[in-house]
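Spelled out, the chains give:
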Amino acid sequence: MTSTQAGSRPVSSPTALRAVSLTSLGVFLVSWAMCAVNAYALQDDLPSTCGDLRRQSFPPEVACASAQGTLTGANAGWIEALFFTSLVVFVLCAGMVSALATVRRK
């Protein structure tokens, strides 16, 4: 069995929590860029050919609704789930990092 020395090195910041926060911020920005590219670059001709155009700004989306109820040009469901999940994880982890920094300063 190995023993660890808990008091040998002072922990100045929660690096794992910070890494999760920054990683989730990166995933959020990449998924936001993917949604924006889909809405404004790949589906740029959709407004001129669609009768019932639906626009969404957060996350960016331009979709055409047909009479049968199907959407053309909408973001994939997994991208939107990744978008919102990474945003929530970033906000929670960033809040915990700032709360820990505030508590440690006192």
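Residues numbered from 1 in each chain as written. Predicted model: local features only at pLDDT ≥ 70, side-chain atom pairs only at ≥ 80, totals over all residues. Heavy atoms only, no water.

### A look at the side chain of S24
Mapping S24 onto the fold places it in helix 1 (residues 15-42). When its relative accessible area of 6% is taken as the criterion, S24 is described as buried. Engagement of the side chain of S24 in a polar contact is seen with the backbone oxygen of S21, the distance being 2.9 Å. Not counting residues within four places of it along the chain, the set of residues in contact with S24 comprises S86, V89 and F90. (Helix = DSSP H or I, 4+ residues; strand = E, 2+ residues; numbered from the N terminus. Buried < 20%, exposed > 50% of the residue type's maximum accessible area, 1.4 Å probe, protein only. Polar contact = N/O pair within 3.5 Å; in protein donor to acceptor, adjacent residues only side chain to side chain. Contact = heavy atoms within 4.5 Å.)

### Structural notes on the sheet that holds strand 1 (residues 53-57)
Strands sit in the order 1-2-3 across an open sheet of three strands; the sheet is antiparallel. What marks the edges here is a single partner per strand, and that holds for strand 1 and strand 3 (71-72). One ladder, built from five bridges, connects strand 1 with strand 2 (residues 60-65); its direction is antiparallel. The partner of R55 across the bridge, within strand 2, is V62. (Pairing = 2+ DSSP bridges.)

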